[in-house]
Amino acid sequence: MLSGYVLSSDAPVNKGKPTLFVFEQPETFWQVFKPAASGLAAVVSKRADQANFNKEMVIGVAIPPTNKPPKLSISKVFVQDSTLTVRYIRLKDTTSAAPQLVMSQPILVVAIPKQTVLRTRLVENGKVIQTLRKRDDTEE
């Protein structure tokens, strides 16, 4: 898990449902995620964790903005038959606490060893939410 990041305001997210990102290059990662500069995230982690893109790829999951943030945790990340599966648990906030005044954007950011992946599947609470196919950017 990488901490200390926020979603860029111009990140291409799916409206109303989770969005999956797969990054093999730092340039594309920095277009979507930015280091958290202020607020609670800066207090919790003095600086953002860095991924080593020479050896790792980064998976990002963005949940739609909410004023009652869920608890998110990665349950399993694995590759089988060139398909990377990211399974996570999303627990709704069932406390009677008042909703936050500010909408927050829950995210998960995970670095894994670099490997050949043709498809990436996002699974929330046992249900497939999104599948991405790798785009080949090296075609002439």
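Bear in mind that the values here come from a model prediction, so they are computed numbers and not experimental data.

Peer 1: Could you give an account of the overall build of the chain, with specific residues and numbers?
Peer 2: In terms of regular secondary structure, the chain is built from two helices and nine strands. Secondary structure elements in the chain, listed N-terminal to C-terminal, are β-β-α-β-α-β-β-β-β-β-β. The buried share of the chain, reckoned over its 140 residues, is 32%. Considering only contacts in the chain between residues 6 or more positions apart, those separated by 24 or more positions represent 75%.

Peer 1: Run through the sheet that holds strand 2 (residues 19–23), naming residues and quoting values.
Peer 2: If you walk across this open sheet you meet the three strands as 2-4-7, and the pairing is antiparallel. The two strands at the open ends of the sheet, each matched to only one other strand, are strand 2 and strand 7 (107–113). Taking the axes of each pair of neighbouring strands and ignoring which way they run, one obtains an average angle of 15° across the sheet. One ladder, built from seven bridges, connects strand 4 (residues 56–62) with strand 7; its direction is antiparallel. Bridging from a neighbouring strand, Ala62 pairs with Ile107 of strand 7.

Peer 1: Explain the environment of Asn54 residue by residue, including any values.
Peer 2: Following the sequence through the fold, Asn54 ends up in the loop between helix 2 (40–44) and strand 4. Each C-alpha atom of the pair Asn54 and Lys114 lies 8.0 Å from the other, and the pair is 60 residues apart in sequence.

Peer 1: Go over the sheet that holds strand 6 (residues 83–91) with me, naming the residues and quoting the values.
Peer 2: Strand order in the open sheet formed by four strands is 5-6-8-9, with mixed pairing between adjacent strands. The open sheet has two free edges, formed respectively by strand 5 (71–80) and strand 9 (127–133), since each of these has just one partner strand. Pairwise comparison of adjacent strand axes, ignoring direction, gives a mean angle of 20° for this sheet.

Peer 1: Lay out the nonpolar core with the relevant residues and their values.
Peer 2: Of all hydrophobic cores here, the largest spans 15 residues; its most connected members are Leu7, Phe21, Phe23, Phe29, Val32, Phe33 and Val58. Elements represented by at least two residues in this core include exactly strand 1 (5–7), strand 2, helix 1 (26–32) and strand 4. In contact with Val32, other than residues within four places in its own chain, are Val6, Leu7, Ser8, Ala11, Pro12, Phe21 and Phe23.

What counts, and at which threshold
- Residues numbered from 1 in each chain as written.
- Predicted model: local features only at pLDDT ≥ 70, side-chain atom pairs only at ≥ 80, totals over all residues.
- Heavy atoms only, no water.
- Helix = DSSP H or I, 4+ residues; strand = E, 2+ residues; numbered from the N terminus.
- Buried < 20%, exposed > 50% of the residue type's maximum accessible area, 1.4 Å probe, protein only.
- Contact = heavy atoms within 4.5 Å.
- Pairing = 2+ DSSP bridges.
- Axes fitted to C-alpha atoms, helices over the stretch in contact; angles between N-to-C directions.
- Core = buried A, V, L, I, M, F, W, Y, C linked by side-chain atoms within 4.5 Å.

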